[in-house]
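What the coordinates show
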Amino acid sequence: MTNKIIITIDGWSSCGKSTLAKQLAKALGYVYIDSGAMYRAITLYFLRNHIDWTDNKDVTQALDNIHLHFEYNEKSAQSEIFLNDENVEYVIRDLVVAEKVSDVAAIRAVRTCAVAQQQKMGAKKGIVMDGRDIGTTVFPDAELKIFMTAAISVRVDRRFKEMIEKNPNITIEEVKANLEMRDHIDSHREVSPLRQAEDAILLDNTNIDMMEQLDIALKLVAKAL
Ligand code: DC
């Protein structure tokens, strides 16, 4: 396939965006970028360094000291995020970060900084990026835009199963409250709120499995190409 395109996958928290994005990138030989990991890494930096993110000056200064990059890990077969040269791919998935990330991601300066880096990564196309504003703000001209959704009960269940492995004390109520809170903040913020782009295709995976989902997406890719 010589004709490379940009594929954007947006949607609600925990509806399988990254699973589909990884599958597609693998099938097509494209780069996969998890834009949420960038907001999570910035949040981790703010928490560790006690940055007052209600203060614009502190935020701007902190952003100057943050360097993010992705490196492909052969073992895990995925791109992992580095914060100032430290691999933070796993620590950014903690609930401590999840509880604050939507507040941090709502800050205009944070988004300007992250979006600029994301757009650079897509300059050569051949990329699948997932997030909340990829089809609306980061790559409004992307050739294929998918907007994912799933029933809240299914999303809570999936995220709970993922988190309980790392944190045996976590409760399903905590996971549900976190998802609902993030969905609310992400879709109600002033700067690039989560919404389905007009030209995005809705994919509801409540009742389909991973292989069926990939099959649908590959057909959409073939059409877009
Ligand atoms: O995809 P995720 O759950 O890892 O994302 C974490 C948070 O980052 C999410 O609650 C909202 C924010 N985010 C965003 O605002 N814009 C993006 N493009 C990706 C994530």
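If you're wondering where the values come from, they're calculated on a predicted model, not measured in any experiment.

At a minimum axis separation of 11 Å, helix H2 (residues 35-48) and helix H6 (residues 108-121) run at an interaxial angle of 140°. Considering their axes alone, H2 and H6 lie oblique with respect to each other. In terms of crossing hand, the pair formed by H2 and H6 is right-handed. Of the residues in H6, those in contact with Ser-35, Met-38, Tyr-39, Ile-42 and Phe-46 of H2 are Val-110, Arg-111, Ala-114, Val-115, Gln-117, Gln-118 and Met-121.

Taken as a whole, this structure holds 1 aromatic pair when the rule is applied. Between Phe-46 and Trp-53 the ring centres are 6.2 Å apart and the planes differ by 20°, which places this aromatic pair in the stacked class.

Bringing the site of the ligand into the picture now. The local shell around the ligand holds 15 residues, among which Arg-40, Arg-111, Asp-133, Asp-186 and Arg-189 are the closest. Note that an oxygen atom of the ligand is positioned 2.7 Å from one of the side-chain N or O atoms of Arg-40. Note that a nitrogen atom of the ligand is positioned 2.8 Å from one of the side-chain N or O atoms of Asp-133. Contact with the protein chains hides 97% of the accessible area of the ligand, taken as 440 Å² for the molecule alone. At the level of secondary structure, the elements contributing two or more residues to the shell around the ligand comprise H2, helix H5 (101-105) and helix H9 (172-188). Element by element, the count of residues in the shell around the ligand is highest for H2, at 4 residues.

Conventions adopted
- Residues numbered from 1 in each chain as written.
- Predicted model: local features only at pLDDT ≥ 70, side-chain atom pairs only at ≥ 80, totals over all residues.
- Heavy atoms only, no water.
- Axes fitted to C-alpha atoms, helices over the stretch in contact; angles between N-to-C directions.
- Helix = DSSP H or I, 4+ residues; strand = E, 2+ residues; numbered from the N terminus.
- Parallel < 35°, antiparallel > 145°, perpendicular 65-115°, else oblique.
- Left-handed = near helix turned anticlockwise from the far one by under 90°.
- Contact = heavy atoms within 4.5 Å.
- Phe/Tyr/Trp six-rings, centres within 6.5 Å; stacked < 30°, edge-to-face > 60°.
- Near = heavy atom within 4 Å.
- Polar contact = N/O pair within 3.5 Å; in protein donor to acceptor, adjacent residues only side chain to side chain.
- Areas by Shrake-Rupley, 256 points an atom, 1.4 Å probe, with all protein chains shown as cover.

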